Amino acid sequence: MKVHDLKPAAGSTKSRKRVGRGTGGKGGKTAGRGSKGQRARNTVHRAFEGGQTPMLRRLPKLKGFQNPFRVEYQAVNLHTLSDLAEKVDGDITPAVLVEHGVVRKGAFVKILARGEINTKVDVSAHGASKAAVEAIEAAGGSITMITLPFKEEGKAGRPPSSGNQFMNR
């Protein structure tokens, strides 16, 4: 056994070093910070790199554009519709989908073509892919498109902008 192999017994703890508790003991007065200077006065922020241009300023800003008028849909696939058709008798509407926990309340629903559908089902949705419409009609069902609220007669034709008062309009 050598000196560098020594270590405290398993489970033992050592109390932390308490500094700045008077000049009587070790770690008093300057509390291990030396004397004077920036680091002695607790004014160095976390990202300070000794005067070198910090990482925060070396990295470029995020570029790109976020469309404030984007219409967000919640996707519902064909296999979900076929599972739901067994539980529900009648049309499948966004209200039925909300009731069964498939989509959130107030969401726009878009039918997508993942999976298969063999049962005849009448679906109402805000949007659908061509493949999904073909699959539903091939199974003997029909799909009805619901007009988006901002595209109704007398409306501006685009969704209200999302963001805050400082966004580019």
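For clarity, every value in this text was computed on a predicted model and none was experimentally measured.

J.: Hey, could you go over the nonpolar core for me, with residue numbers and the actual values?
T.: In this structure, Leu81 and Ile111 are the most contacted members of the largest nonpolar core, which totals 21 residues. Per element, the largest residue contribution to this core is four residues, and it comes from helix α2 (residues 78-87). In this view, Ile111 contacts Val76, Leu78, Leu81, Val123, Ala125, Gly127, Ala128, Ser129, Ala132, Ile136 and Ile143; residues no more than four positions away in its chain are not counted.

J.: Could you give an account of the sheet that holds strand β4 (residues 127-128), with specific residues and numbers?
T.: Strand order across the open sheet formed by three strands is β1-β2-β4, with parallel pairing between neighbours. A single partner strand is all that each edge strand has here, and the edge strands are β1 (73-77) and β4. Where α2 meets the sheet, its contacts fall on β1 and β2 (108-112), and the angle it forms with β1 comes to roughly 65°.

J.: Tell me about a nonpolar patch on the surface, and name the residues and values.
T.: There is a patch of nonpolar side chains on the surface, built from Met1, Val3 and Leu6 and spanning about 430 Å² of accessible area. Mapped onto the fold, Met1 is located in the segment before α1 (55-58). We classify Met1 as exposed; its relative accessible area is 85%.

J.: Help me get a handle on the pattern of salt bridges, residues and values and all.
T.: Per the stated rule, a full pass over the model turns up two salt bridges. With its nearest N and O atoms 2.6 Å apart, the salt bridge here joins Glu49 to Arg58. Overall, the relative accessible area of 30% leaves Glu49 in the partly exposed class. Put simply, Arg70 and Glu72 hold a salt bridge, and the shortest N to O gap is 2.7 Å. For Arg70, a relative accessible area of 55% gives the class exposed. The class of Glu72 is exposed, set by a relative accessible area of 55%.

J.: I'd like to hear about unusual backbone geometry, residue by residue, with values.
T.: The phi angle at Ala31 is positive, at roughly 55°, despite the residue not being glycine. With respect to the helices and strands, the residue Ala31 is situated in the segment before α1. Judged by its relative accessible area of 22%, Ala31 falls in the partly exposed class. Unusually for a residue other than glycine, Lys36 sits at a positive phi of about 55°. Structurally, the position occupied by Lys36 is in the segment before α1. On the basis of relative accessibility, which here comes to 68%, the residue Lys36 falls in the exposed class.

Basis of the calculations
Residues numbered from 1 in each chain as written. Predicted model: local features only at pLDDT ≥ 70, side-chain atom pairs only at ≥ 80, totals over all residues. Heavy atoms only, no water. Core = buried A, V, L, I, M, F, W, Y, C linked by side-chain atoms within 4.5 Å. Buried < 20%, exposed > 50% of the residue type's maximum accessible area, 1.4 Å probe, protein only. Helix = DSSP H or I, 4+ residues; strand = E, 2+ residues; numbered from the N terminus. Contact = heavy atoms within 4.5 Å. Pairing = 2+ DSSP bridges. Axes fitted to C-alpha atoms, helices over the stretch in contact; angles between N-to-C directions. Patch = residues over 30% accessible without salt bridge, like charges linked within 9 Å, V, L, I, M, F, W, Y side chains within 5 Å. Areas by Shrake-Rupley, 256 points an atom, 1.4 Å probe, with all protein chains shown as cover. Salt bridge = Lys/Arg side-chain N within 4 Å of Asp/Glu carboxyl O.

None of this, on its own, says anything about what the molecule does.
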